[in-house]
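Secondary and tertiary structure notes
Listed below are the residues making up each chain.
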Amino acid sequence: GAVVSQHPSWVICKSGTSVKIECRSLDFQATTMFWYRQFPKQSLMLMATSNEGSKATYEQGVEKDKFLINHASLTLSTLTVTSAHPEDSSFYICSALFPGQGAGEQYFGPGTRLTVT
Amino acid sequence: SQKIEQNSEALNIQEGKTATLTCNYTNYSPAYLQWYRQDPGRGPVFLLLIRENEKEKRKERLKVTFDTTLKQSLFHITASQPADSATYLCAQGRGSGGYNKLIFGAGTRLAVHP
């Protein structure tokens, strides 16, 4: 149980275009999902917290107008990288908070490799 | 600001031995610590969670300890196997309400040699 999927698993786009990444909890409902970014050999950095039915909460230094998050249902959150630039190339990972767990076990998706040319 | 520190050097051990990975944190004591496994190009996989009032937690060949005096958590894999080779991440959270933000360490890469 507790499976989280991401789509696409990798994407290459041209500079200036937008890319949408989907994160789905397949066998449970998640009111809260998180979006992380990971550069090579570095730790996961939390970008934003996505709450179903409300606006996302962004971490300091993350541009909310550039990284648009929509959590339209209890099983789906999307991250759209707008006007992508080469420096946005990274490994984007989502996670979903498993319900009913007081301390919050997060289940992660397999990640999306974004390359901006 | 709060930091999670893990040994950035890879840990190489022989199959069958016990692997011990260290996670140190600064400043405040977290409500809990979590350990994850990450394989190259994949998302992290949850392994164990230990709360601040717990000294030790076990799951099959895995054992985690939490020492709030030393501000340290140790992660042990007994009877290690080559399949245990991966990067292991330590993460801390502060629990309250409906969700919790995690701060991750950079991870320690473990290589188990046959």
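Look up: the structure comes first, before these words.
Residues numbered from 1 in each chain as written. Chains lettered and ligands numbered in written order. Predicted model: local features only at pLDDT ≥ 70, side-chain atom pairs only at ≥ 80, totals over all residues. Heavy atoms only, no water.

Some remarks on the sheet that holds strand S3 (residues 19–25) of chain B
Backbone hydrogen bonds hold the strands of a sheet together, and the pairing may be parallel or antiparallel. All names here are of chain B. Taken in spatial order, the 5 strands of this open sheet run S1-S3-S8-S7-S6, and their pairing is antiparallel. Each edge of the open sheet is held by one strand with a lone partner, namely strand S1 (4–6) and strand S6 (56–59). Averaged over all adjacent pairs, the angle separating strand axes in this sheet is 15 degrees, with direction ignored. As defined by bridge partners, S6 adjoins strand S7 (residues 62–67) across 4 bridges and the pair is classed as antiparallel. Opposite Lys 59, over in S7, you have Leu 62 as the bridge partner. (Pairing = 2+ DSSP bridges. Helix = DSSP H or I, 4+ residues; strand = E, 2+ residues; numbered from the N terminus. Axes fitted to C-alpha atoms, helices over the stretch in contact; angles between N-to-C directions.)

A short note on the layout of surface pockets
A volume near 540 Å³ is recorded for the largest pocket. Lining the largest pocket are 23 residues, and of these Gln38(A), Pro40(A), Lys41(A), Gln42(A) and Thr87(B) sit closest to its centre. Looking at the lining of the largest pocket, the elements with two or more residues in it are strand S9 (86–93) and strand S11 (108–113) of chain B. Tallied by class, residues from the lining of the largest pocket come to 9 nonpolar, 9 polar and 5 charged. In this model, the second largest pocket occupies a volume close to 270 Å³. Contributions of two or more residues to the lining of the second largest pocket are made by strand S5 (45–51) of chain A together with strand S10 (102–104) of chain B. Among the elements that line the lining of the second largest pocket, the one with the most residues is S10(B), at 3 residues. (1 Å grid on protein atoms, 1.4 Å probe; cavity = no way out; pocket = protein on both sides within 12 Å on 5 of 7 lines; lining within 4 Å. Points joined across faces, edges and corners; volume = space filled by probe spheres on them. Nonpolar A, V, L, I, M, F, W, Y, C, P; charged D, E, K, R; others polar.)

With respect to the state of the cysteines
Working definition: the covalent bond between the sulfur atoms of two cysteines is a disulfide. Tallying each qualifying case throughout the model produces 2 disulfides over all chains. Across a sulfur-sulfur distance of 2.0 Å, Cys23(A) and Cys94(A) are joined as a disulfide pair. On the sign convention where negative is left-handed, the bridge of Cys23(A) and Cys94(A), at about 80 degrees about the S-S bond, is right-handed. Placement of the pair is Cys23(A) in strand S3 (residues 19–25) and Cys94(A) in strand S9 (residues 90–97), with a sequence separation of 71 residues. Pair check on accessibility: Cys23(A) and Cys94(A) agree, each one buried. A disulfide bridge connects Cys23(B) with Cys90(B), and the sulfur atoms are separated by 2.0 Å. Across the S-S bond linking Cys23(B) and Cys90(B), the dihedral sits near -65 degrees, which makes this disulfide left-handed. (Disulfide = S-S within 2.5 Å. Buried < 20%, exposed > 50% of the residue type's maximum accessible area, 1.4 Å probe, protein only.)

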